[in-house]
Amino acid sequence: MPPYALQLLIALLIVGLTFAVGYPLAIGSGRTVDALDAVLLMFALVNLRTAWTAANAMNGGRAPAWFVAAGLVLAAVITWAMVRALTPTP
């Protein structure tokens, strides 16, 4: 397994963790957002960026096609989860 794949896997595991944990934060008028999920997703984005940089550095400036596809799918999942975490709920 290439070393940058581990960072991609860690980012995926952090995103999966957000479905199991949460810390609702009241923002007023009885509405809440999930603050813990937002922080975890920030760490997932950092891991994804680290993996992307490493994949490009190790392969002469081009990440492998499988990594690009997996990274884009993971970025979409992170974006969806971040919107879900930061959308106020009653």
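Structure's up top.
Remember, it's a predicted structure, so these values are computed and weren't measured experimentally.

Asker: Even after reading the chapter, I still don't get the environment of Leu6, so can you show me in this structure?
Answerer: Mapped onto the elements of the fold, Leu6 is located in helix H1 (residues 3–17). With a relative accessible area of 42%, Leu6 lands in the partly exposed category. Sequence separation between Leu6 and Phe43 is 37 residues; the distance between their C-alpha atoms is 14 Å.

Asker: Just checking my understanding: could you explain a nonpolar patch on the surface for this structure?
Answerer: On the surface, Met1, Leu6, Leu9, Leu12 and Leu13 cluster together to form a nonpolar patch covering roughly 530 Å² of accessible area. Mapped onto the secondary structure, Leu13 falls in helix H1. Look at Leu13 and you get exposed, because its relative accessible area is 56%.

Asker: What am I meant to see in the nonpolar core here?
Answerer: Here is a general trend for soluble globular proteins: nonpolar side chains tend to be buried in one another's company. Residues Leu8, Val15, Leu41, Ala44, Phe67, Leu74 and Ile78 are the most contacted members of the largest nonpolar core, which totals 17 residues. For this core, the element with the most residues is helix H2 (residues 35–58), which contributes six residues. Those residues in contact with Leu8 that sit more than four places away from it in its chain are Leu48, Ala51, Trp66, Phe67, Ala70, Gly71 and Leu74.

Asker: So what exactly am I meant to see when it comes to the packing of H1 against H2 here?
Answerer: Two quantities define a packed helix pair, namely the angle between the axes and the distance from one axis to the other. For the pair H1 and H2, interaxial distance at closest approach is 8 Å and the crossing angle is 165°. Comparing their axes, H2 and H1 come out roughly antiparallel. Regarding H1 and H2, the two cross each other, and that crossing is left-handed. Only Leu40, Leu41, Phe43, Ala44, Asn47, Leu48, Thr50, Ala51, Ala54, Ala55 and Met58 of H2 make contact with H1, whose side of the interface consists of Pro3, Tyr4, Gln7, Leu8, Ile10, Ala11, Ile14, Val15 and Leu17. Counted by class, the contact of H1 with H2 contains 17 nonpolar, three polar and no charged residues.

Each value, and the rule that gives it
- Residues numbered from 1 in each chain as written.
- Predicted model: local features only at pLDDT ≥ 70, side-chain atom pairs only at ≥ 80, totals over all residues.
- Heavy atoms only, no water.
- Helix = DSSP H or I, 4+ residues; strand = E, 2+ residues; numbered from the N terminus.
- Buried < 20%, exposed > 50% of the residue type's maximum accessible area, 1.4 Å probe, protein only.
- Patch = residues over 30% accessible without salt bridge, like charges linked within 9 Å, V, L, I, M, F, W, Y side chains within 5 Å.
- Areas by Shrake-Rupley, 256 points an atom, 1.4 Å probe, with all protein chains shown as cover.
- Salt bridge = Lys/Arg side-chain N within 4 Å of Asp/Glu carboxyl O.
- Core = buried A, V, L, I, M, F, W, Y, C linked by side-chain atoms within 4.5 Å.
- Contact = heavy atoms within 4.5 Å.
- Axes fitted to C-alpha atoms, helices over the stretch in contact; angles between N-to-C directions.
- Parallel < 35°, antiparallel > 145°, perpendicular 65-115°, else oblique.
- Left-handed = near helix turned anticlockwise from the far one by under 90°.
- Nonpolar A, V, L, I, M, F, W, Y, C, P; charged D, E, K, R; others polar.

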